[in-house]
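A structural walkthrough
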Amino acid sequence: MICYYLNSAGVKIDFMRYPYHLLTGEFFDYEWEEVTYSNKIYGFGRRFFEKDLKIDVFCRKEDFAGAINALEDAVSVDRINNTPGRLYVNGEYLSCFIKAVKKEEWEAGIYTIVTLSLISDMPFWISEEKRTFYRRTNAGTNSGLDYPFDYSFEYMTSDVGIENWYINSAGACPFTIIIYGPVTNPRLLLNGHPYEVFTTLEANEHLILDTRTHQITKYLSNGTTENLYNNRLMEQSVFDPIGPGAVIIAWPGTFGFDIDAYIERSEPLWR
C-alpha cells in the first residue's frame, strides 16, 4: 500500500516508512447527503470531507523529536498559506488540510500514536489522466474535404487534428487545458462541444483553462499573467466537464495543447 502526505511546498511525509507507520485511516468510508424535495430524492451531494488518519511514530530517542517536528512543519505550512496539500493513497489523492493533530503515549520519547484529522472542500479522491496533442506540421494547407460533422466551422483534411481518447470514469470529469502558442483564437472540440478563447499567444506563451476553478489565465513572455475569463466563448460553457467514456478531440492542427482530466472517486481504488 502507498500512503503519504505531500504538502503545498512539495515536502513529503511517507506514512509507510521509518519512523512513521500507518495504523489505520478512514480512506474507504464515505457518506453522501441526499437532496430532497416533497419527500422525493432528487440527487446527492456533499460540501466537506472530514476523515481521520492514525499513524505511530517509533524510533530511537535521538530521532524522536526531529520526526515529530518534521511532521508538524509539513502539515502547518498548508494552513499558514491557506493552500491545501495532498494525501495520496495508492494511485489517488485527496486535496486537503490537516486541521487537528492528537498525540497519545508520547511520554517515553520513543513512541507516540498520532491522529491526523483531515478536511477537504473538494471531497473526491482524484487520479489524473493526461494527454498531449501536438501541432500538425502541415497545418495551413487545404485539400477541400470538409470535417464530417455539422459544426459551426469546417476543417480541411490536411489541417485537422482528430484524436480518440477513452476516459475510464463513472462520471464526467473536470479538467484543465494548456494551450501553447503561437496561435490566434484557439478553438477545439470535445465530442462536438466547443472550447474557445479569443486571444493571441506568441511562440513562448501559453494559457491555462481550468474547469474546476472557472479560471482562464494567459502566461505572457515577459513573466506576467492576464485574466482571460471575459475572452472565453460565451454561447456554450468552456467549463463543462468531459467524458466519461469515448471522447473525440478535434482541432485545426495549428497549435499544440495538453488536457489533464481529473477522475473523481468516492474512495481510492483497492490495489
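All values reported here derive from a predicted model rather than from experimental measurement. (Residues numbered from 1 in each chain as written. Predicted model: local features only at pLDDT ≥ 70, side-chain atom pairs only at ≥ 80, totals over all residues. Heavy atoms only, no water.)

Details of the overall build of the chain
- When its secondary structure is counted, the chain shows one helix and 21 strands.
- At 23 Å, the chain has a C-alpha radius of gyration far larger than the 18 Å of a compact globule built from 271 residues.
- Viewed in the frame of its principal axes, the chain has a C-alpha envelope of about 80 × 55 × 35 Å.
- Residues classed as buried in the chain amount to 44% of the 271 residues present.
- Once local pairs closer than 6 in sequence are excluded, the contacts in the chain between residues at least 24 apart make up 67%.
- Accessible area for the chain stands at about 14,800 Å²; split by element, carbon and sulfur atoms hold 50% of it.
- Positive and negative side-chain charges in the chain, numbering 24 and 37 respectively, have mean positions lying 3 Å apart. (Helix = DSSP H or I, 4+ residues; strand = E, 2+ residues; numbered from the N terminus. Rg over C-alpha atoms; globule rule 2.2 N^0.38 Å. Buried < 20%, exposed > 50% of the residue type's maximum accessible area, 1.4 Å probe, protein only. Contact = heavy atoms within 4.5 Å. Areas by Shrake-Rupley, 256 points an atom, 1.4 Å probe, with all protein chains shown as cover. Lys, Arg positive; Asp, Glu negative; His and termini not counted. Charge placed at Lys NZ, Arg CZ, Asp CG, Glu CD.)

Some details on a nonpolar patch on the surface
- On the surface, V35, Y37 and Y42 cluster together into a nonpolar patch covering about 390 Å² of accessible area.
- Examined against the element boundaries, V35 turns out to sit in strand β4 (residues 33-37). (Patch = residues over 30% accessible without salt bridge, like charges linked within 9 Å, V, L, I, M, F, W, Y side chains within 5 Å. Salt bridge = Lys/Arg side-chain N within 4 Å of Asp/Glu carboxyl O.)

Quick notes on helix α1 (residues 61-81)
- Here α1 is 21 residues long and its end C-alpha atoms lie 32 Å apart, about the 30 Å a rise of 1.5 Å per residue gives.
- Taken together, the buried positions of α1 are F64, A67, I68, L71, A74, V75, S76 and D78. (Expected span 1.5 Å × (residues − 1).)

Here's the deal with the sheet that holds strand β20 (residues 245-251)
- Pairing within the open sheet is antiparallel, and its four strands lie in the order β11-β20-β14-β15. For this open sheet the edge positions go to β11 (161-167) and β15 (193-196), each flanked by a neighbour on one side alone. Taking each pair of neighbouring strands and ignoring which way they run, the sheet shows an average axis angle of 25°. (Pairing = 2+ DSSP bridges. Axes fitted to C-alpha atoms, helices over the stretch in contact; angles between N-to-C directions.)

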